[in-house]
Amino acid sequence: MEKIAKFEFVTYEEYAKALADKTVYEQLKLPQRATKASAGYDFYAPYDFSLQPGETIKIPTGIRCKMQENYVLLLFPRSSLGFKYRLGLDNTVGVIDADYYNALNEGHIFIKITNNSKDKILNVKQGEGFAQGIFIQYGITVDDEVTTLRTGGFGSTNKEG
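This structure is a prediction, so every number in the text was calculated from the model and none was measured.

(A) Quick peek at the overall build of the protein chain. The number of helices and strands found in the protein chain is three helices and 11 strands. Taken from the N to the C terminus, the helices and strands of the protein chain come in the order β-α-α-β-β-β-β-β-α-β-β-β-β-β. Its C-alpha atoms give the protein chain a radius of gyration of 16 Å, near enough to 15 Å, the size a compact globule of 161 residues would have. Within the protein chain, counting contacts between residues at least 6 apart in sequence, those at least 24 apart form 75% of the total. Accessible surface for the protein chain amounts to roughly 9900 Å². Of this, 51% is attributable to carbon and sulfur atoms. Here the protein chain contributes 19 positive and 20 negative side-chain charges, whose respective centroids are spaced 8 Å apart.

Spelled out as structure tokens, the structure:
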């Protein structure tokens, strides 16, 4: 199996912009696969949280990912949470481009989720997996000549500064 990426922590200075809690930062866990044949890397909750039906939360994972240029990291809710709570990412699928690693926010990956169940409260404990990331190789069209480099952070593609 080809190894194409590496998860890292953002600096505490960057993490503190979202959540100034050194204890939480020091207990962050890098994403991991559960088994040798797992495709997804589990992203772990940095702190306890609960979501009532219809509630949304944006989680600062403290994670960044350095990957080969022709790969993308796609983020999804963990299957069991999607099944039990209709948990969904607010952008349906998180798309982490390889050049996001070099963004002004250090490529800090945030995951925004909503409990879409009708009547179930979602409780996630610190250190539990709540999302998963899968690396996919992609191609480009033969006439693609894009040379623009990313400078901004989250949601900055096609935006100035």
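(B) The environment of Asp97, seen in detail. Checked against the element boundaries, Asp97 lands in strand β8 (residues 94-97). In this structure Asp97 comes out as partly exposed when scored by relative accessible area, which is 30%. Considered as a pair, Asp97 and Tyr71 are 26 residues apart in the sequence and their alpha carbons are 7.4 Å apart.

(C) The sheet that holds strand β4 (residues 56-60), seen in detail. Sheet architecture is open: three strands sit in the order β4-β9-β7, paired in antiparallel fashion. The open sheet has two edge strands with one neighbour each: β4 and β7 (88-89). In this structure, β7 lies alongside strand β9 (residues 110-114), joined through two bridges in antiparallel fashion. Paired with Gly88 across the strands is Thr114, a residue of β9.

(D) Structural detail: the side chain of Glu106. Inspection of the secondary structure puts Glu106 in the loop between β8 and β9. No salt bridge forms around the buried Glu106; measuring N to O, its nearest opposite-charge neighbour Arg64 is 4.8 Å away. Each residue touching Glu106, except ones within four places of it in the same chain, is listed here: Val10, Thr11, Glu14, Arg64, Tyr100 and Tyr101.

(E) Main features of the side chain of Arg64. Note on placement: Arg64 falls in strand β5 (residues 63-67). Non-local contacts of Arg64, meaning those with residues more than four positions away in its chain, are made with Lys6, Phe7, Glu8, Phe9, Val10, Tyr101, Glu106, Gly107 and Ile109.

(F) Structural detail: the pairing of strand β6 (residues 71-77). Counted residue by residue, β6 has six buried out of seven residues, so it is predominantly covered. Examined bridge by bridge, β6 and strand β11 (residues 129-137) share seven bridges and lie antiparallel to one another. Pairing of Val72 across the sheet is with Ile136, part of β11. Relative to β8, β6 is paired through four bridges, and the arrangement is antiparallel. Directly across from Leu75, in β8, lies its bridge partner Gly94.

(G) Representation of the environment of Ile134 within the structure. As for its position among the elements, Ile134 is in strand β11. Owing to a relative accessible area of 23%, Ile134 belongs among the partly exposed residues under this scheme. For Ile134 and Arg33, which are 101 residues apart along the polypeptide, the C-alpha to C-alpha distance reads 9.9 Å.

(H) Broad picture of the pattern of salt bridges. The final tally for this structure, using the stated rule, is three salt bridges. The shortest N-O distance in the salt bridge between Glu14 and Lys17 comes to 3.0 Å. Here Lys17 falls in the exposed class, since its relative accessible area comes to 65%. Here Asp42 and Arg78 are joined by a salt bridge, their closest N and O atoms 3.5 Å apart. With a gap of 36 residues between them, Asp42 in strand β2 (residues 41-44) and Arg78 in the loop between β6 and α3 (79-85) connect regions that are remote in the sequence.

Conventions and cut-offs
- Residues numbered from 1 in each chain as written.
- Predicted model: local features only at pLDDT ≥ 70, side-chain atom pairs only at ≥ 80, totals over all residues.
- Heavy atoms only, no water.
- Helix = DSSP H or I, 4+ residues; strand = E, 2+ residues; numbered from the N terminus.
- Rg over C-alpha atoms; globule rule 2.2 N^0.38 Å.
- Contact = heavy atoms within 4.5 Å.
- Areas by Shrake-Rupley, 256 points an atom, 1.4 Å probe, with all protein chains shown as cover.
- Lys, Arg positive; Asp, Glu negative; His and termini not counted.
- Charge placed at Lys NZ, Arg CZ, Asp CG, Glu CD.
- Buried < 20%, exposed > 50% of the residue type's maximum accessible area, 1.4 Å probe, protein only.
- Pairing = 2+ DSSP bridges.
- Salt bridge = Lys/Arg side-chain N within 4 Å of Asp/Glu carboxyl O.

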